[in-house]
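Coordinates in review
Here is how the chains run, residue by residue.
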Amino acid sequence: MVERIQLDNNATTPLSPAVRDAMVGCWESLDGNPSSQHQGGQQARCWLEEARDAILKSLGADPKDRLVFTSGGTESNHLALLGLIGDSPSHVLVSAIEHPSLLGAATLLRAHGHQVDFIPVNNRGYVEPESVRRLLTPATRLVSVMLANNETGVLQPVRELAQICRQQGVLFHTDAVQAVGKIPVDFRDLGVDGLTCTPHKFHGPVGIGGLVLR
């Protein structure tokens, strides 16, 4: 019998036995809806909010920040772009090397009348801050650049890019799916307004993701 070796951990990772046991423990111990007012519901709500607070803390977020649970990185990216942009037509910048889920959201924005421009990268796959500065306009409402590229692994200068955008009053989102769990990620230190993550990249369950919002 040939032993199978997992060599695609960049796409997804096996579920940690400790995580599996913790999930089973929750399923066996809790039978209440977190929205219910009875004791079972209150206990479920307590565990849910404790988990939310622990995740925010681990990501360097402030207690005033918000964590929205989603079904995964794709939904988080769509929620960030389609939710933060608002309804009135505006200008959005995304890097040319974003994950297909975010590029798909950008296509949707275009279909709804928003102007979307793609930030180029240099020959090292790196988004140069001056490229962002040059593309910003008074109509720019949102910029999105991933923290770590899912194909090349190149780390982008997100902190510097976010600072440029903040100086111009522009919201900044980063897709940190390939970074969280692999390198230290500090939401407040990065200075971003939104951050996408999903635990199946670091031995957590599939089918869940998060969007951290300032």
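So, here is what we can say about the structure in this document. All of these numbers come straight from a predicted model, not from anything done at the bench.

Brief notes about the overall build of the chain
A tally of regular secondary structure across the chain gives seven helices and seven strands. Rg of the C-alpha trace for the chain: 19 Å, near the compact-globule value of 17 Å for 214 residues, within the 12% margin. Along the first, second and third principal axes, the C-alpha atoms of the chain reach 55 × 55 × 30 Å. Looking at the chain as a whole, 42% of its 214 residues are labelled buried. Here the contacts in the chain between residues at least 6 apart in sequence split such that 63% fall between residues at least 24 apart. For the chain, the exposed surface amounts to about 11700 Å²; the carbon and sulfur share of it is 55%. When the 18 basic and 22 acidic side-chain charges of the chain are each reduced to a single mean position, those positions are 4 Å apart.

Observations regarding the side chain of H200
Tracing the sequence through the fold places H200 in the loop between β6 (194-197) and β7 (209-213). A distance of 2.7 Å separates a polar atom in the side chain of H200 from a polar atom in the side chain of T12. Here H200 is in contact with A11, T12, T13, P205 and V206, once residues within four sequence places are set aside.

What to know about the nonpolar core
Across soluble globular proteins, nonpolar side chains show a tendency to be buried alongside one another. By size, the foremost hydrophobic cluster in this structure holds 30 residues, and its most contacted members are V143, F172, V192, L195 and V212. Breaking this core down by element, the ones donating at least two residues are α6 (158-167), α7 (187-190) and β6. When residues of this core are assigned to their parent elements, the largest contribution, five residues, is made by α6.

Points about the state of the cysteines
One pass over the full model with this rule turns up zero disulfides. Unpaired in this structure, C46 has its nearest cysteine sulfur neighbour in C26, at a distance of 11 Å. The exposure class assigned to C46 is partly exposed, which follows from its relative accessible area of 35%.

A few points about the packing of aromatic side chains
A full pass over the atoms with the stated rule returns zero aromatic pairs. We note R124 situated over the ring of Y126; from NZ or CZ to the ring centre the distance is 5.3 Å.

A look at unusual backbone geometry
Unlike most non-glycine residues, H203 shows phi in positive territory, near 70°. Within the secondary structure layout, H203 lies in the loop between β6 and β7. Relative accessible area serves as the criterion here: at 36%, H203 is assigned to the partly exposed category.

Considerations on the pairing of β6
Residues G194 and T196 line one face of β6 and the alternating positions L195 and C197 line the opposite face, and both faces are buried. Both strand β5 (residues 171-175) and β6 contribute to a ladder of three bridges, which runs parallel. Bridging from a neighbouring strand, D175 pairs with T196 of β6. In this structure, β6 lies alongside β7, joined through four bridges in antiparallel fashion. Residue pairing for β7: G194 is matched across the bridge by L213.

The rules behind the values
Residues numbered from 1 in each chain as written. Predicted model: local features only at pLDDT ≥ 70, side-chain atom pairs only at ≥ 80, totals over all residues. Heavy atoms only, no water. Helix = DSSP H or I, 4+ residues; strand = E, 2+ residues; numbered from the N terminus. Rg over C-alpha atoms; globule rule 2.2 N^0.38 Å. Buried < 20%, exposed > 50% of the residue type's maximum accessible area, 1.4 Å probe, protein only. Contact = heavy atoms within 4.5 Å. Areas by Shrake-Rupley, 256 points an atom, 1.4 Å probe, with all protein chains shown as cover. Lys, Arg positive; Asp, Glu negative; His and termini not counted. Charge placed at Lys NZ, Arg CZ, Asp CG, Glu CD. Polar contact = N/O pair within 3.5 Å; in protein donor to acceptor, adjacent residues only side chain to side chain. Core = buried A, V, L, I, M, F, W, Y, C linked by side-chain atoms within 4.5 Å. Disulfide = S-S within 2.5 Å. Phe/Tyr/Trp six-rings, centres within 6.5 Å; stacked < 30°, edge-to-face > 60°. Lys NZ or Arg CZ within 6 Å of the ring centre and 35° of its normal. Pairing = 2+ DSSP bridges.

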